[in-house]
Amino acid sequence: MKKNMITGSKLWSIAMITSLLAACSAPATTSTTANAATSTTGTTKTVSVSEQTSVKYADLVSLDADDTNISWSETDSTAIKLNGTTATVTGSGAKAANGSVTISEAGTYVLSGELTDGQIVVNVADKGTVHLVLNGATIHDNDSAAIYIQKAGKAVITLEKGTKNTVSDGKTYVYADATTDEPDAAIFSKADLTFNGAGQLTVTGNYNEGITSKDDLKIISGNISVKAADDGIKGKDMVAIQAGTITIEAEGDGIKSTNDTDTTKGFVAIAGGTFDIQSGNDGIQAETALVADGGTYNIVTGGGSANAPAKVEEGPFGGGGGGWGGGTPPTDMGTPPDGEPPADMPEMPTNSGTNAGTNTNGATASNSANTTTTTDNNADADTATTATESTSAKALKAGADLTVNGGTYTIDSMDDSLHSNNNVTVNDGTFSIESGDDGIHADQALTINGGTITIAKSYEGLEGAIITLNDGDVDVTASDDGVNAAGGETETAANTAASTDSATTATDAATTSNSSVTETTGTTSTTDQASQGTAANQQGRGPGGMGGAAASNNEFHINGGSLTVNAGGDGLDSNGFINMTGGTVIVNGPTDSGNGALDYDGTFEISGGYLVAAGSSGMAQGTSDTSTQNTIVMTFPATQKAGTLVHVQDSEGNNILTFAPAKDYQTVVVSSPDLKKDGSYVIYSGGTSTGKAVDGLYTDGTYSGGTQVVAFQSTSNVTWVNESGVTTANSGMGGPGGGGGQGGFGGGRNRSQSGTTSDSTGTTDSAK
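Fair warning: this is a prediction, and the values are worked out from it, not measured in the lab.

**Some details on the overall build of the chain**
Now for step 1: Scanning the chain for helices and strands turns up five helices and 64 strands.
Now for step 2: Of all 768 residues assigned to the chain, the portion counted as buried reaches 58%.
Now for step 3: Expressed as a percentage of contacts within the chain between residues at least 6 apart in sequence, the contacts between residues at least 24 apart total 63%.
Now for step 4: Split by element, the accessible area of the chain, about 26,900 Å² in all, is 47% carbon and sulfur.

See below:
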């Protein structure tokens, strides 16, 4: 089943009502291909793939001598000795009074001892660099930030090697007046802030946040542990982490950047380090780009995937091909746009805001875990609407592009594990993912160029408007669709009426965008691949109901690597087309007939690689007859038990397929470079193999002991067979369709366009 991916205005109720009305009309045909020339009118967003480039930490972050300076000497520094509620200053540039220390000149200051209720204030008028060395210091302020960088060109905090340092605040802050809300973190800086050194720092933000910089925040090294009532580590213009060991326990976000007015800022860039993050909200969140070159990550968000709200499969308003097909229509209206979960989504038990402190004016500290009101940046400036921002508990989240170049990631997230409002690119890395929603989600393009990705639990494994697998090893387990190319392309008429979408995605910070977006209104047509649009239009007219979905602009490209899918819904699902030129794909699809191992609204053209897809037979599709590589689609007379071998060999006994599906199945699709259009083949069921199986697929050894089901002669590049011999393609059934389009009330997709309609019978042998 496909998930609704409607974009634009957040006037959800109006959009859904309009979808109901629009579902009664047959949608216009839409066809597309990568880099296709398109003409657009109507409500369509066209996404086209461009050349992939990769941004890295060094492309975004530059360091100066102050950032890396950890040296100091007694003769060239000022010593600040903390003692209870007082402090002694030896040297120039600082004064102690009323239990606090104020630093007014640039220079190096070495802090040691314990301050039980006081503040270190940096207020340097000449904007010079202040170097604070924590040399075994414990600093606590009951009613404000313990370290407050009020004014400076830059502040550098060095954690002296071999020392343990502690910084904390109280739950209640005292501000000068009701309009003041800063500082609001145990360590708060209005200037650029850098941490370095080899010592330890423990920060407890009892009031609100742990560490905050209103400018750049850089961590060069150190062992830093943060516990916060809201966000753990926050930088406005950037958060850049070169190395270190970072442990965060936050009720809000773990690490975040916040600049949403300058697209060259608001990013998070990580070169390496060790991270252990437990957050009520997002683990690592960038307002614009998020780049991770390496590191070791253990991230748990929102209490983990076990705490995710229950998902409900969509009715016809999930869009797409077909509708209810009779019976009682579902009351569920589908999943609202990102950021607006269903009304029954439970509140996070750790995010009620009860742990956040209060100020003396009785106001609760600003807490990202609380519900807040924000302006929808996707709305037209003249018709901007406000919406309630709900809990987001994603592990890695980017407002613009998310790029992973390496690292080891262990993620248990209540929400998406990797998420971008624009593009996700995985170039390398090892991922162990358990997600309460999508394993990896991109609103636009999702590109995998390498790495090892294991999504052991998800609602949908991979999701994006355009999905490309170039290399890497990907293993997906999903309760719904394994791979879902959907969204990013169509808006409802209600959205257009509510507001004119004039937003442009913030991608300037990362020079790596691998897709271009054109937002228009009306219908879309392309000047090439007209046959694809025709096939999609024919498939949109399912028997037994009103018009179903036409193909959208969504694309799924498989060019290399390996992909293994175990899906409760559709295995490979595209609201547009699928194109495979290489790689190995193994699909253990659904056991119910309302979904298929393969499900696409346009075409599935295969010209290379190896494909095997097993699942139920009711909605089965093969590859398209426009493919240049041959395919066999076998439907067994009855459901076969999980683990029962299916074996295909040619007339000379050469192995084409020996496969043990992980679940019960009735239809198997196999496409291999070894299949010939005019070849003779025999299909067996059961038996054993002496070979070694990888994900159920045997690539060597000897097969024996099976029961011959059918022998046949292939005369087409896509041959459908059953126990009686060559037959025609599955005609489909009326029933629920997928997301991305506006389906009819009773339609299903007519599967006759997928695969051969050859009337040749070949030679047959009945099963023994």
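**Quick word on the environment of S112**
Now for step 1: Looking at the element boundaries, S112 is found in strand β7 (residues 107–115).
Now for step 2: Spatially, the C-alpha atom of S112 lies 5.3 Å from that of K81, the residues being 31 residues apart in sequence.
Now for step 3: Discounting residues that sit within four places of it in the chain, S112 has contacts with I80, K81, L82, N135, G136 and A137.

**Examining the packing of aromatic side chains**
Aromatic ring pairs: the centre-centre distance and the angle between the two ring planes describe each pair.
Now for step 1: The tally for this structure, following the rule as stated, stands at 11 aromatic pairs.
Now for step 2: Aromatic side chains Y148 and F188 sit 5.9 Å apart centroid to centroid with 65 degrees between the ring planes, which places their arrangement in the edge-to-face category. Within this pair, whereas Y148 is found in strand β10 (residues 147–151), its partner F188 is found in strand β14 (residues 185–189), the two being separated by 40 residues in sequence.
Now for step 3: What makes F188 buried here is its relative accessible area of 1%.
Now for step 4: Plain terms: the ring middles of Y297 and Y409 are 4.4 Å apart, the flat faces sit at 5 degrees to each other, and that makes the pair stacked. Here Y297 is found in strand β28 (residues 296–301), whereas its partner Y409 is found in strand β34 (residues 408–413), with 112 residues between them in sequence. Both residues of the pair, Y297 and Y409, count as buried.
Now for step 5: Grouped by ring-pair contacts, the aromatic residues F275, Y297, Y409 and F431 constitute a single cluster.
Now for step 6: In this arrangement the basic side chain of K311 is found over the ring face of Y459, its NZ or CZ atom lying 5.5 Å from the centre.

**Focus: the pairing of strand β12 (residues 164–169)**
Now for step 1: Bridge analysis of strand β9 (residues 129–141) against β12 gives four bridges, and the strand direction is parallel. What sits directly across from T138, in β12, is T166.
Now for step 2: Two elements, β12 and strand β16 (residues 200–205), share five bridges in a ladder whose sense is parallel. Bridge pairing in β16 places N165 opposite L201.

**A short note on the pattern of salt bridges**
Now for step 1: The tally for this structure, following the rule as stated, stands at 10 salt bridges.
Now for step 2: Between K154 and D64 there is a salt bridge, with its nearest N and O atoms 2.7 Å apart. Of this pair, K154 sits in strand β11 (residues 154–159) while D64 sits in the loop between α2 (57–60) and α3 (65–68), and the two are 90 residues apart along the sequence.
Now for step 3: Across the pair K234 and E209 runs a salt bridge, and its minimum N-O distance is 2.8 Å. Residue K234 is found in strand β20 (residues 233–235), and its partner E209 is found in strand β17 (residues 209–213); the two are separated by 25 residues along the sequence. Grouping residues by exposure puts K234 and E209 together as buried.
Now for step 4: Three or more residues joined by partner-sharing salt bridges are found here, namely D64, D67, K154 and K218.

**Overview of the pairing of β14**
Now for step 1: Most of β14 is tucked away: five of the five residues are buried.
Now for step 2: Bridge count between β10 and β14: three bridges; the pairing is parallel. When the sheet's bridge partners are listed, Y148 is paired in β14 with F188.
Now for step 3: Pairing of β14 with β17, which is carried by four bridges, proceeds in the parallel orientation. The residue of β17 that forms the bridge with I187 is I211.

**Looking at the confidence of the model for the chain**
Now for step 1: In this model, the chain carries a mean pLDDT of 79, and residues with pLDDT of at least 70 account for 70%.
Now for step 2: Below a pLDDT of 50 lies the segment residues 315–354, which in the model reaches 111 contacts outside its immediate sequence neighbourhood of four places, other chains included.
Now for step 3: Below a pLDDT of 50 lies the segment residues 368–389, which in the model reaches 55 contacts outside its immediate sequence neighbourhood of four places, other chains included.

**As for unusual backbone geometry**
Now for step 1: Following E182, the chain continues to P183 via a peptide bond in cis, the omega torsion being 0 degrees.
Now for step 2: Not every positive phi belongs to a glycine, and N98 is a case in point at roughly 55 degrees.
Now for step 3: If you trace the backbone, N98 turns up in the loop between β5 (94–97) and β6 (100–103).
Now for step 4: N98 gets classed as exposed once you look at its relative accessible area, which sits at 82%.
Now for step 5: Phi at D695 is positive, roughly 55 degrees, even though this residue is not glycine.

**Let's talk about the environment of V721**
Now for step 1: By the element assignment, V721 lies in strand β63 (residues 718–722).
Now for step 2: According to the relative accessible area criterion, V721 is buried, its value standing at 1%.
Now for step 3: In sequence terms V721 and M634 are 87 residues apart; their C-alpha atoms lie 5.0 Å from each other.
Now for step 4: Not counting chain neighbours up to four residues away, the residues in contact with V721 comprise I632, V633, M634, T635, I683, F712, V726 and T727.

**Things to note about the environment of T212**
Now for step 1: Position of T212 among the secondary structure elements: in strand β17.
Now for step 2: Taking relative accessible area as the criterion, T212 reaches 2% and is therefore assigned buried.
Now for step 3: Residues T212 and A186 lie 26 residues apart in sequence; the distance between their C-alpha atoms is 8.2 Å.
Now for step 4: With residues up to four places along the chain from it excluded, the contact list for T212 reads D184, A185, I187, F188, S189, L193 and K234.
Now for step 5: Looking at T212, its side chain comes within polar contact range of the side chain of E209, at 2.8 Å.

Here is what the cut-offs are and how they apply
Residues numbered from 1 in each chain as written. Predicted model: local features only at pLDDT ≥ 70, side-chain atom pairs only at ≥ 80, totals over all residues. Heavy atoms only, no water. Helix = DSSP H or I, 4+ residues; strand = E, 2+ residues; numbered from the N terminus. Buried < 20%, exposed > 50% of the residue type's maximum accessible area, 1.4 Å probe, protein only. Contact = heavy atoms within 4.5 Å. Areas by Shrake-Rupley, 256 points an atom, 1.4 Å probe, with all protein chains shown as cover. Phe/Tyr/Trp six-rings, centres within 6.5 Å; stacked < 30°, edge-to-face > 60°. Lys NZ or Arg CZ within 6 Å of the ring centre and 35° of its normal. Pairing = 2+ DSSP bridges. Salt bridge = Lys/Arg side-chain N within 4 Å of Asp/Glu carboxyl O. pLDDT = per-residue confidence, 0-100. Polar contact = N/O pair within 3.5 Å; in protein donor to acceptor, adjacent residues only side chain to side chain.

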